[in-house]
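The residues making up each chain are set out below.
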Amino acid sequence: MNTSQKIALVTGATRGIGTETVRQLAQAGVLTLLAGRDAGRAKAAADKLVAEGLSVEPIALDVTNAESIAKAVAEVTSRFGKLDILVNNAGIMVDDMSKAPSEQTLAVWRETFDTNVFAVVEVTQAFLPLLKKADAARIVNVSSQLGSLALHVDPTSPIYSFKVPAYDASKTAINAWTIHLAYELRDTPIKVNAIHPGYVQTDMNGGQGEIDVPTGAKSSVGMALIGEDGPTGSFTYLGQTLPW
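All of the points below concern the structure found in this document. Because the structure is predicted, anything quoted here is derived from the model rather than measured.

Some details on the side chain of Gln-24
With respect to the helices, strands and loops of the structure, Gln-24 is situated in helix α1 (residues 16-27). What makes Gln-24 buried here is its relative accessible area of 14%. At 2.9 Å, the side chain of Gln-24 and the backbone oxygen of Pro-214 are in polar contact. Leave out the neighbours within four places in its chain, and Gln-24 touches Pro-214, Ala-217, Lys-218 and Val-221.

Digging into the environment of Asp-95
On the secondary structure map, Asp-95 appears in the loop between β4 (85-88) and α4 (106-132). Residue classification places Asp-95 among the buried positions, given a relative accessible area of 8%. The contacts of Asp-95, once residues within four sequence positions are left out, are Gln-104, Val-108, Thr-112, Val-164, Pro-165, Ala-166 and Tyr-167. In this structure the side chain of Asp-95 is engaged in a polar contact, spanning 3.0 Å, whose partner is the backbone nitrogen of Ala-166. A polar contact is formed between the side chain of Asp-95 and the backbone nitrogen of Tyr-167, at a distance of 3.1 Å.

Here we look at the pairing of strand β2 (residues 31-36)
Within β2, six of the six residues are buried, leaving the element largely enclosed by the surrounding structure. Where burial is concerned, the two faces of β2 agree: the one with Leu-31, Leu-33 and Ala-35 and the one with Thr-32, Leu-34 and Gly-36 are both buried. Sheet analysis places strand β1 (residues 7-10) next to β2, joined by four bridges and oriented parallel. In the sheet register, Leu-9 faces β2, and the bridge partner there is Leu-33. Note that β2 and strand β3 (residues 56-60) share five bridges and pair parallel. Paired with Ala-35 across the bridge in β3 is Ile-59. In the classification by handedness, the crossover that spans β2, the intervening helix α2 (residues 39-50) and the parallel β3 is right-handed.

Re the sheet that holds β1
With mixed pairing, the eight strands of this open sheet are ordered in space as β3-β2-β1-β4-β5-β6-β7-β8. Single-partner strands in this sheet number two, and they are β3 and β8 (240-241). Bridging between strand β6 (residues 191-195) and strand β7 (residues 235-237) involves two bridges; their strand directions are parallel. Bridge pairing in β7 places Ala-194 opposite Phe-235. This element, helix α6 (residues 165-184), spans β5 (138-142), β6 and β7 of the sheet and lies at about 160 degrees to β6.

Definitions and cut-offs
- Residues numbered from 1 in each chain as written.
- Predicted model: local features only at pLDDT ≥ 70, side-chain atom pairs only at ≥ 80, totals over all residues.
- Heavy atoms only, no water.
- Helix = DSSP H or I, 4+ residues; strand = E, 2+ residues; numbered from the N terminus.
- Buried < 20%, exposed > 50% of the residue type's maximum accessible area, 1.4 Å probe, protein only.
- Polar contact = N/O pair within 3.5 Å; in protein donor to acceptor, adjacent residues only side chain to side chain.
- Contact = heavy atoms within 4.5 Å.
- Pairing = 2+ DSSP bridges.
- Right-handed = clockwise from strand over helix to strand, strands pointing away.
- Axes fitted to C-alpha atoms, helices over the stretch in contact; angles between N-to-C directions.

Take a look at the structure:
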């Protein structure tokens, strides 16, 4: 391996936006680790990208499992000794769309926060020592405009009448985590940002999104590749600032 080559890891990357994020990072010359909780599916997804001539490798990583996280960190440590880019892409939406906010079960809330919040914090904490060993690491947290409190209370906003409480609140929490981590790392070369991928045509919404998957990956990739003059502690969509 060229020691100057950037190494990226994308969680939840066996399909949809995650796979496309891996593809675009690899197309930009980054050796990209395609992470998935099922090693077989991760390898199958990575093999397809390798067949396109891209520098992609699979890695097993269940973001909700501490042992799996530790093994992934150990693998990246032994093979590369650093990590330049971490894209926290893995996420779920399990709210019952037929129920009102007050009717969502605590089980739904707990499952959502376990994957969308606690796993992101744990994975980031685990990889942070490797990120600090890179020259100027980037952390990208895949959020959503559904996490914007300002948009939720604005009757003119596109999400005003769309309330998915557990998912929405989990993304609000991710935005807060982004701000706090960016503040902690403000005097380092590491930049931490949250992005909204857009309303993307994925399995999560039954393919009913407004933009295609390649466009949905652009916000993550753009923030992963920003230079030293780029932002930190921001919340954006395709480079445009979103309200908290």
